[in-house]
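Listed here are the chains, written in short residue letters.
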Amino acid sequence: MDQYDEDENVYMQQEDDWDRDLLLDPAWEKQQRKTFTAWCNSHLRKAGTQIENIEEDFRDGLKLMLLLEVISGERLAKPERGKMRVHKISNVNKALDFIASKGVKLVSIGAEEIVDGNAKMTLGMIWTIILRFAIQDISVEETSAKEGLLLWCQRKTAPYKNVNIQNFHISWKDGLGFCALIHRHRPELIDYGKLRKDDPMTNLNTAFDVAEKYLDIPKMLDAEDIVGTARPDEKAIMTYVSSFYHAFSGAQKAETAANRICKVLAVNQENEQLMEDYEKLASDLLEWIRRTIPWLENRVPENTMQAMQQKLEDFRDYRRLHKPPKVQEKCQLEINFNTLQTKLRLSNRPAFMPSEGKMVSDISNAWGGLEGAEKGYEEWLLNEIRRLERLDHLAEKFRQKAAIHEAWTDGKEEMLQHRDYETASLSEIKALLKKHEAFESDLAAHQDRVEQIAAIAQELNELDYYDSPSVNARCQRICDQWDTLGALTQKRSEALQRTEKLLETIDQLYLEFAKRAAPFNNWMEGAMEDLQDTFIVHTIEEIQGLSTAHEQFKATLPEADKERQAILGIHNEIAKIVQTYHVNMAGSNPYTTINPQEINAKWDKVRQLVPQRDQALIEEHARQQNNERLRRQFANQANVIGPWIQTKMEEIGRISIEMHGTLEDQLTHLRQYEKSIVNYKPKIDQLEGDHQLIQEALIFDNKHTNYTMEHIRVGWEQLLTTIARTINEIENQILTRDAKGISQDQMNEFRASFNHFDRKRTGMMDAEDFKTCLISMGYNLGEAEFSRIMSIVDPNRMGLVTFQAFIDFMSRETADTDTADQVMASFKVLAGDKNYILADELRRELPPDQAEYCIARMAPYSGPDGVPGALDYMSFSTALYGESDL
């Protein structure tokens, strides 16, 4: 059994299993019973019998076996004629075995069930038979069985509107499908244009009646069975439709048989014509083969790929245009020969014998020779094309590599022959060497390309390339040029290296010249600068130091001259190398701008300046000796006057502090001191004259004395000021003593206290010493009180208390008690019984000017009980004497 049969059996098995379950539907079972019965009778009628009840009439197996023989055209085993159950089962088994032998697998269908009249199993068995013998063999466009039958229906009814066959149930309910099948094959039987889709009963009855009457298709269903069911039974419809298929295909076979009879009459004529055609076709084909084989055996090669491509193109034209018709002729010749022989054999006529040499075997042999020559020619063509392709590839590769190499070498000989190194500097020579080394590396890298070019040329010669002479000539030129480049490269390398060594030697000499010339030049420039420098000295020692240094410098001149000669010798050596080796020096010394001419010029200048410097030092030495005399003259006087002034200052200080005699005695003594000081003025004037001479000589320092004229002037002025101030202080003390009524003992006591607390002996006490002095005298001082007292004794806030301010303060403090008693008595006289006084009372009792003065002093104060201008005792005393007085 082939795969197709296996697939069909599976399909049939699935259909059978599914449909036997659906037999539980009474409507469908009724349709199947009616349809299957009619189908069976359509075949049993050929054997002269029929069935009435499908499940009863097949129980003994006899009509079942007969049905299978009719529809298969084969003989089954001899049936059992007994009436017993076992005989019936045997007959049914024979029928079932025959069905199974046709490749149908019966599932759950047994002979006992058929014998027992099981309607479900009997209908399933009949459906299996219908599938196998009525539907399975239907084949339409590579589909078979159910799908094939459905496709046949669709193809046949496609031109009819309102007909859309998609299945074997509801697509047939309107009857138009059945009518369309009949009309398609027998249009004269039905007027299809008068049918309506909304009248299915008429349509179905028309189709069933026409089929039964004219097509010998029994009426298997009633119109009511289809219209009255929502979904007609698929198996019933398929069975009915398959009868239409077989009816129409049988009619077509009959028509074919009639046509065949007509064709037989023309067979003899056709056979004779075929014989003539064969002879002619064979002759033409053999002649074509005879002419073509020499062309295919021609193996003369071409030199160019284009010519070989043309041969290949001709061969392809032969394959594409000329041979295919001959292949068809040969094929047609064989077909005609075989057809002719078959026709003759079928007509019982003797076989056709072609003329000698024109047998099919002769043609096949000639064709084989043609194809052998063709194969050899094709292989030769391809090999030759591959050879030429290889040659063309090699030639193109040779040309490309040669072109690249020639482009690279273009201008290289001129570059290598260029004598640019003759005018180059050392750095440029080094750059040229680096560039040449890079070129040498590049040259070495191109060695492989030259070797490849030579190898390709050799291979082209070995492969017999048609243009080998030009290849060889070009290759030779490349090789010769390569040798020339190698020689020029070596020559240029040697020249560059030789020039580099010469320039390096010169460069080293240049560097040595620069290293020695630069410091020597700096030395000469420094020497010239020093020799021309306008020196400024202030002492004899300084000029002596300059003279010593100058003598040391002159001692170095012989050594310097040797260095100069050595430096010039380096320059001469460079000139000698340049002259000897014909070096073309492109520029001057790169390391320095100093040249021999400049060195000689500066050396001459130094030698000129040395005697000039000698003369200048001699003249300056004489001037410094005169300055030294002036210094000593000034110092001798200043060293006497300075200490004298200091001594006098100290004596005046002692006079003002010590308490020898009365103030009048001290004043007399001080005035005698003042007179002696004034008499010393001529010595000061003489010192001023010596100082003027020193200034005119531009002398700014004097190591012989620490006194300057400024110090002397300041000291002299301070001395005069001090004696005058001291005399004034004594005079003020006398006035204070007399005004305050201070006794001499009190004055001595005040002076003793002041001197004791004048710890620094400056004639003044600072704030702390003054505070200590007051505390020692019994004052109880707070910060506020001390600040008030300091504002009295130091109104300028200098932080210092003079003896005069001290005396004034102490004299006021001594007089405070008497003053308070006098104020109280005056207040009581003016106030009378009141505890305050008025401004009018003051005007009445005091002189006008004093009264107004007191009133003005009293204005800021108010008396008791808010009386304007009235003052109590405290306000009165404060207004008159101030807060610090009482």
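What you see is a predicted model; the values in this text were computed from it and never measured. (Residues numbered from 1 in each chain as written. Predicted model: local features only at pLDDT ≥ 70, side-chain atom pairs only at ≥ 80, totals over all residues. Heavy atoms only, no water.)

A. Here's a closer look at the packing of aromatic side chains. If you walk through the whole model with that rule in mind, you get 31 aromatic pairs. Relative to Tyr 680, the ring of Trp 644 has its centre 3.6 Å away and its plane inclined at 10°; by these criteria the two rings are stacked. With a gap of 36 residues between them, Trp 644 in helix H21 (residues 596-657) and Tyr 680 in the loop between helix H22 (663-678) and helix H23 (681-696) connect regions that are remote in the sequence. A residue is classified by how much of its surface remains accessible, and Trp 644, at 17% relative accessible area, is buried. Judged by its relative accessible area of 10%, Tyr 680 falls in the buried class. The rings of Phe 168, Trp 172, Phe 178, Phe 208, Tyr 240, Phe 244 and Phe 248 are connected pair by pair, giving a single aromatic cluster. Here Arg 132 stacks its cationic end above the ring of Phe 133, 5.3 Å away from the centre of that ring. Between Lys 412 and the ring centre of Trp 408, over which it is positioned, the NZ or CZ distance is 4.9 Å. (Phe/Tyr/Trp six-rings, centres within 6.5 Å; stacked < 30°, edge-to-face > 60°. Helix = DSSP H or I, 4+ residues; strand = E, 2+ residues; numbered from the N terminus. Buried < 20%, exposed > 50% of the residue type's maximum accessible area, 1.4 Å probe, protein only. Lys NZ or Arg CZ within 6 Å of the ring centre and 35° of its normal.)

B. Quick look at the pattern of salt bridges. Taken as a whole, this structure holds 51 salt bridges when the rule is applied. Note that Asp 284 is salt-bridged to Lys 280, the shortest N-O span being 3.1 Å. Residue Asp 284 and its partner Lys 280 are both found in helix H13 (residues 267-297); the two are separated by four residues, about one turn of the helix. According to the relative accessible area criterion, Lys 280 is exposed, its value standing at 56%. In the salt-bridge network here, residues are joined through shared partners; they are Arg 319, Lys 323, Glu 371, Glu 374 and Glu 378. (Salt bridge = Lys/Arg side-chain N within 4 Å of Asp/Glu carboxyl O.)

C. The environment of Ile 429, seen in detail. Note that Ile 429 resides in helix H17 (residues 426-445). As for Ile 429 and Leu 503, which are separated by 74 residues in sequence, their C-alpha atoms are 8.4 Å apart. Aside from chain neighbours lying at most four places away, what touches Ile 429 is Tyr 421, Ala 424, Leu 496, Thr 499, Glu 500 and Leu 503. (Contact = heavy atoms within 4.5 Å.)

D. Main features of the environment of Asn 636. Within the element layout of this structure, Asn 636 appears in helix H21. Given a relative accessible area of 56%, Asn 636 falls into the exposed group. Sequence spacing of Asn 636 and Thr 705 is 69 residues, and the spatial spacing of their C-alpha atoms is 7.9 Å.

E. Summary view of unusual backbone geometry. Here the phi dihedral of Asn 162 falls at roughly 65°; this positive angle occurs in a residue that is not glycine. Following the sequence through the fold, Asn 162 ends up in the loop between helix H8 (145-157) and helix H9 (176-185). Phi at Arg 797 is positive, roughly 55°, even though this residue is not glycine. As for its position among the elements, Arg 797 is in the loop between helix H27 (783-793) and strand E4 (800-802). Exposure remark for Arg 797: the relative accessible area of 71% places this residue in the exposed category.

F. Quick peek at the confidence of the model for the protein chain. Confidence in the prediction of the protein chain, expressed as mean pLDDT, is 81, and 88% of residues score 70 or more. Here residues 816-821 is a poorly scored stretch, pLDDT under 50, and it has four contacts once near neighbours within four places are set aside; other chains count. Taken together, the stretch residues 882-886 has pLDDT below 50 and engages in 12 contacts with residues farther than four places along the chain or on a different chain. (pLDDT = per-residue confidence, 0-100.)

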